[in-house]
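So you can see what is in the structure, the chains are spelled out below.
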Amino acid sequence: MNGGEQVVNVIGLGYIGLPTALMLASHGIEVTGTDCNEELVGTLKAGKTTFKEKGLEELFADAVKAGIRFTTEIETADTYIVSVQTPYDKFSKKVDPAAVVSAVRDVLKAAPEGATVVIEATISPGTIDRSVRPVPKEAGREDIRRVHAPERIIPGNMVYELLHNNRTIGADDRAVGERVKELYASFCEGEIVVTDIRTAEMTKVVENTFRAVNIAFANELAKICRHEGMDVYEIIRICNMHPRVNILQPGPGVGGHCISVDPWFLVGDYPSLAKVIDEAMKTNDGMPDFVLNRIHEIMKENGLTDVGRVGLYGLTYKENVDDMRESPPLQLLASQERHLAAPLLTYDPYITEDIVPNQVHDLDAFLDACDMVVVMVKHDEIRENAEKLRGKVVLDCHNILDLPGVYHI
Ligand SMILES: NC(=O)c1ccc[n+]([C@@H]2O[C@H](COP(=O)([O-])OP(=O)(O)OC[C@H]3O[C@@H](n4cnc5c(N)ncnc54)[C@H](O)[C@@H]3O)[C@@H](O)[C@H]2O)c1
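Computed from a predicted structure; not experimentally measured.

Some points on the overall build of the chain
Check the secondary structure of the chain and you find 16 helices and 13 strands. For 409 residues, the compact-globule estimate of 2.2 N^0.38 gives 22 Å, and the chain sits close to it at 23 Å. For the chain, the spread of C-alpha atoms along the three principal axes comes to 70 × 50 × 40 Å. Residue burial in the chain is summarised as follows: out of 409 residues, 53% are buried. Restricting the contact set of the chain to residue pairs at least 6 apart, pairs at least 24 apart contribute 69%. Summed over its atoms, the accessible surface of the chain is roughly 18500 Å², and 51% of this surface lies on carbon and sulfur atoms.

Below you can see the structure in the form of structure tokens.
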């Protein structure tokens, strides 16, 4: 496919925008990638990627060969893909669409008549009606077409998922939706559904909410089983043999830019309706404190008194990535700090700069300094080096280690 000969400007070159821009460019689309962060654009122009991700370097090389350009200014294009951040307001829990609105304002300065603006960023249902539609209207640019094409990819497997995931495209006008579908079909081998904008907005948030609620259920089971002295992993394994049961795994909390954020949009917009979601999010947010309590219990049980010899393995929000946003280990450390406790040791193979106190940058040095290790992130590295944990007190928050005497959440 050639994407209908469209010229594309991707705005926001973070975890989502960069791989999307590279994927389009490496599949024959004329692409400019734009970000307001000059340093980030400088790095890309210098031929370097800005984060670690499986297959990203190769994709970057292909896109550069195909002629992708990186700029800090938005350019003339047929289609603009907006992939900027959409955090939630910590107090109201509602989506904060300011970055999307600002990017759309900037697009209008360069967009030719009839251009299409695709919002890829995750937004709550109704955000396009409330916050995006008024922008071209106020600027007298009713010719601009609006589309919502939410992204589903997961860090750690982004390149594969960009190629293979099914996608949703929401548009006011079916023909515009089909044209944007043609663009994504230049690289996407999955099924692409075209629907209306509000449905597309809702599906994206619902997908992440489903996972958040399911994880919260697993976390609640872990607490019940802890109380009863039962093995939650064995219970979930057996339950999941039922043909219509699929419980996710408990863990030390939920982080990242999706599952720990998007369900709050529904709580913020429908506080009297989204009760289960609200409780689920609180359950997940409470897990780092639950782990902190487990550390305390296990230290007491083993006669350990020196907090300075307890180490957290992993600082990122998930395995084999360098993304620390909303990460459970950072939540745990913040909670510890609030309780005026001395900081724990930390180590993460993906985090090379110092971001928290007492951070060690070598696995062996970290393990030498620890009497107790808390596996917060299941990086492949710790699975491969599991033998090095033998003889230590270990709290395995993911049930990945096959060692005698390992504690679980
Ligand atoms: N990270 C994920 O795993 C993931 C997965 C699916 C969907 N999403 C959604 O995708 C969107 C982007 O997420 P991300 O993780 O890539 O965010 P990010 O913070 O990594 O990247 C956003 C980028 O946009 C740039 N930016 C902001 N305003 C701009 C403007 N006006 N003009 C130009 N550049 C601008 C920022 O400088 C930044 O580099 C969010 O809505 C997120 O919820 C993220």
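Section: the site of the ligand
Lining the immediate environment of the ligand, one finds 25 residues, of which Ile 16, Asp 35, Thr 86, Thr 122 and Arg 325 sit closest. Take Val 84: an N or O atom from its main chain is 3.5 Å from an oxygen atom of the ligand. In the model, an oxygen atom of the ligand is placed 3.1 Å from a nitrogen or oxygen of the His 257 side chain. When isolated, the ligand has an accessible area of 840 Å², and the protein chains bury 91% of it. Ranked by residue count, the leading element in the shell around the ligand is helix H4 (residues 98–110), at three residues.

A few points about the packing of aromatic side chains
As enumerated under the stated definition, the model contains six aromatic pairs in all. Three or more aromatic residues link up through ring pairs in this structure, and these residues are Tyr 313, Tyr 347 and Phe 366. Here the basic side chain of Lys 90 rests over the ring of Tyr 88, its NZ or CZ set 5.0 Å away from the ring centre. Taking NZ or CZ as reference, Lys 93 lies 4.2 Å from the ring centre of Trp 264, over its face.

Concerning the sheet that holds strand S4 (residues 79–82)
Here eight strands make up an open sheet; going across it, the order is S3-S2-S1-S4-S5-S6-S7-S8 and the pairing mixed. Edge strands, defined here as strands with exactly one partner in the open sheet, are strand S3 (69–71) and strand S8 (192–195). Ignoring strand direction, the axes of neighbouring strands in this sheet form an average angle of 25 degrees. Contacting strand S6 (145–148), strand S7 (167–171) and S8, helix H9 (residues 197–228) crosses the sheet at an angle of about 145 degrees to S7.

Looking at the nonpolar core
Soluble globular proteins tend to bury their nonpolar side chains together. Formed by 39 residues in total, the largest nonpolar core has its most connected members in Leu 22, Leu 24, Val 31, Phe 70 and Tyr 184. Elements supplying a minimum of two residues to this core: strand S1 (7–11), helix H1 (17–26), helix H2 (38–45), helix H3 (56–66), helix H7 (158–164), S7 and helix H8 (174–184). For this core, the element with the most residues is H1, which contributes six residues. Excluding residues that lie within four positions of it along the chain, Tyr 184 makes contacts with Ile 81, Val 118, Glu 120, Ala 149, Arg 167, Ile 169 and Ile 192. The next biggest cluster of nonpolar side chains, apart from the first, holds 33 residues, and it includes Cys 225, Phe 290, Met 376 and Ile 409.

So, the side chain of His 148
Among the structural elements, His 148 can be located in strand S6. Only 2.7 Å separates the side chain of His 148 from the backbone oxygen of Ile 119, close enough to count as a polar contact. Setting aside chain neighbours within four positions, we find His 148 in contact with Ile 119, Ala 121, Ile 123, Ile 128, Thr 168, Ile 169, Gly 170, Ile 197, Ala 200 and Glu 201.

Brief notes about the pattern of salt bridges
The full count for this structure, using the stated rule, is 20 salt bridges. The partner of Arg 133 in a salt bridge is Asp 129, and the shortest N-O contact between them spans 2.6 Å. Relative accessible area serves as the criterion here: at 34%, Asp 129 is assigned to the partly exposed category. For Asp 143, the salt bridge identified is with Arg 141, shortest N-O distance 3.0 Å. Judged by relative accessible area, Asp 143 falls into the partly exposed class, the value being 22%.

Conventions we followed
Residues numbered from 1 in each chain as written. Predicted model: local features only at pLDDT ≥ 70, side-chain atom pairs only at ≥ 80, totals over all residues. Heavy atoms only, no water. Helix = DSSP H or I, 4+ residues; strand = E, 2+ residues; numbered from the N terminus. Rg over C-alpha atoms; globule rule 2.2 N^0.38 Å. Buried < 20%, exposed > 50% of the residue type's maximum accessible area, 1.4 Å probe, protein only. Contact = heavy atoms within 4.5 Å. Areas by Shrake-Rupley, 256 points an atom, 1.4 Å probe, with all protein chains shown as cover. Near = heavy atom within 4 Å. Polar contact = N/O pair within 3.5 Å; in protein donor to acceptor, adjacent residues only side chain to side chain. Phe/Tyr/Trp six-rings, centres within 6.5 Å; stacked < 30°, edge-to-face > 60°. Lys NZ or Arg CZ within 6 Å of the ring centre and 35° of its normal. Pairing = 2+ DSSP bridges. Axes fitted to C-alpha atoms, helices over the stretch in contact; angles between N-to-C directions. Core = buried A, V, L, I, M, F, W, Y, C linked by side-chain atoms within 4.5 Å. Salt bridge = Lys/Arg side-chain N within 4 Å of Asp/Glu carboxyl O.

Distances and angles like these do not, on their own, reveal function.
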